[in-house]
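Coordinate analysis (summary)
The primary structure of each chain is shown beneath.
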Amino acid sequence: MATKELTKQDTHPTFSDSEASDDGGGVIIYSDEELSAMRQVRGKLTEEHGIEPSRVGSVFLAVATINCKLRVDETAKKIVKMLELMEQLGCPDGIDDELWKPDAKSELHSYPSVGTDYRGCRITWINSESGKGVAKEEERNHCHACIMQYLSVHADARTLRNGITFIIDTTGSNKAKKIGNEKIIQAFYQSIPQRPQIILIAGASVLMRTVINASIKVASLFIKQKILERIHFVTVEDAISRIPTKSAPVYVGGEGGGIENHENWYKERLGQLPKPDLSEGEKSSESKNLVKIAEKEETDFEEFVNFLAETKIDTGKENFEVN
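Let me begin by describing the structure that accompanies this report.

Calculation notes
- Residues numbered from 1 in each chain as written.
- Predicted model: local features only at pLDDT ≥ 70, side-chain atom pairs only at ≥ 80, totals over all residues.
- Heavy atoms only, no water.
- Helix = DSSP H or I, 4+ residues; strand = E, 2+ residues; numbered from the N terminus.
- Buried < 20%, exposed > 50% of the residue type's maximum accessible area, 1.4 Å probe, protein only.
- Contact = heavy atoms within 4.5 Å.
- Areas by Shrake-Rupley, 256 points an atom, 1.4 Å probe, with all protein chains shown as cover.
- Expected span 1.5 Å × (residues − 1).
- Salt bridge = Lys/Arg side-chain N within 4 Å of Asp/Glu carboxyl O.
- Axes fitted to C-alpha atoms, helices over the stretch in contact; angles between N-to-C directions.
- Left-handed = near helix turned anticlockwise from the far one by under 90°.
- Pairing = 2+ DSSP bridges.
- Nonpolar A, V, L, I, M, F, W, Y, C, P; charged D, E, K, R; others polar.
- Core = buried A, V, L, I, M, F, W, Y, C linked by side-chain atoms within 4.5 Å.

A separate point is the overall build of the chain. Across its full length, the chain holds 13 helices and four strands. Scored against the burial criterion, the 323 residues of the chain give a buried share of 56%. For the chain, the share of sequence-separated contacts (at least 6 apart) that also reach a separation of at least 24 residues comes to 85%. Total accessible area computed for the chain in this model is approximately 14200 Å², and 49% of it derives from carbon and sulfur atoms.

It is worth spelling out helix H4 (residues 72-88) at this point. In this model H4 runs 25 Å from its N-terminal to its C-terminal C-alpha over 17 residues, within 8% of the 24 Å that 1.5 Å per residue would give. Directly beyond the C-terminal end of H4, a positive phi value near 90° is found at Gly90.

A word on the pattern of salt bridges. Taken as a whole, this structure holds eleven salt bridges when the rule is applied. Close ionic contact of Glu263 with Lys105 constitutes a salt bridge, the shortest N to O distance being 3.1 Å. Of this pair, Glu263 sits in helix H11 (residues 262-271) while Lys105 sits in the loop between H4 and strand S1 (123-127); the two residues are 158 residues apart in sequence, bridging distant segments of the chain. Here Lys105 falls in the partly exposed class, since its relative accessible area comes to 41%. Measuring nitrogen to oxygen at the nearest pair gives 4.0 Å for the salt bridge that ties Glu139 to Lys136. One connected set of salt bridges, linked through shared partners, spans Lys44, Glu48 and Asp73.

Contact pair helix H5 (residues 139-153) / H11: the axes reach a minimum separation of 8 Å and the direction vectors enclose 65°. Helix-helix and strand crossings are classified by hand; for H5 and H11 the assignment is left-handed. Contacts between H5 and H11 involve Met148, Gln149, Leu151, Ser152 and Val153 on the former and, on the latter, Trp265, Tyr266, Arg269 and Leu270.

A few words on the sheet that holds strand S3 (residues 198-202). Backbone-to-backbone hydrogen bonds pair the strands of a sheet. The strands run either parallel or antiparallel. In spatial order, the strands read S1-S2-S3-S4; together these four strands make up an open sheet with parallel pairing. In the strand order of this sheet, the two ends are held by S1 and strand S4 (231-234), each with one partner. Direction aside, neighbouring strands of the sheet carry axes that sit 15° apart on average. Note: S3 against S4, four bridges, orientation parallel. Bridge assignment links Ile199 to a residue of S4, and that residue is Ile231.

To continue, consider the packing of helix H3 (residues 58-67) against H5. For the pair H3 and H5, the least separation of the axes is 11 Å and the interaxial angle reads 65°. Crossing of H3 over H5 shows left-handed handedness. Contact residues: H3 offers Phe60, Val63, Ala64 and Asn67, while H5 offers Ile147, Tyr150 and Leu151. Here the residues of the contact of H3 with H5 are counted per class, giving six nonpolar, one polar and no charged.

Core analysis: the biggest nonpolar cluster contains 62 residues, and Leu45, Phe60, Leu151, Phe188 and Leu273 have the highest contact counts within it. Aside from chain neighbours lying at most four places away, what touches Leu151 is Phe60, Val63, Leu99, Leu270 and Leu273. Within the second largest apolar cluster, 13 residues are counted, among which are Trp125, Ile198, Val234 and Ala248.

Even without a glycine there, the phi angle at Lys69 is positive, about 60°. Within the secondary structure layout, Lys69 lies in the loop between H3 and H4.

Shown next, in the form of structure tokens:
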């Protein structure tokens, strides 16, 4: 089974009234339901896993919880796994609320400046040709860079609550020299809670498509169809045509989202993420019910991550994983 043909409607979805009114002008204002779920995640991390609050900043916890659709157990599980991997990668202190890490900015090289898709949500674009592998001495900085990019693209309400467009430019794949830490780096990527609404694999060779399609055929036996339908093989030109020209990276002829200074953009985006009030308050029955319902839902991309890892798609970032 191959992925379905991509149509323009796939990147021009129509929001429901509730989704369209969610962005609040781009400013993030956490709802009572979201705050309730965040507090439950904090409590679970502290009481069940012995993780001190200082190791999980409140901003990251908020973004992760919403990306996991307020599923408390799933969010806690991912954060615990992420902290374990970060400790092995030189980050025993975890993730604090000092979001901009100047020492890590050089590790942002695989993320070119991009803008928003036609929904008004941010795009994550991976340029595989920039992938140079992660040097052992840069593992800590690499973790921090990935977290900075993750938080930055989710720093507006529309993207945070509706999900990103994810594009992998594979035209420069297989050029990175293997270092030996690829497996743990992959696991780290996989542990970051993400919720892409569409995945465009651009410039894949015939061999790569064959391998991925074979994996998808097997995966279709146990992965929901709606997940598979979010994966599309396209040319780089097709990928560009599916997003506003001004949003595409400069290196492919776009305007880079109008971002003139990459570093300043990160600082501004990180600076607009609000810290949630995680002090314990009375949890309404409505909030509890919403969280309970959300936790019963199937994880959108858990199965996809597993089969994608098996195909070993080389994105120039040691097989970047998506959740």
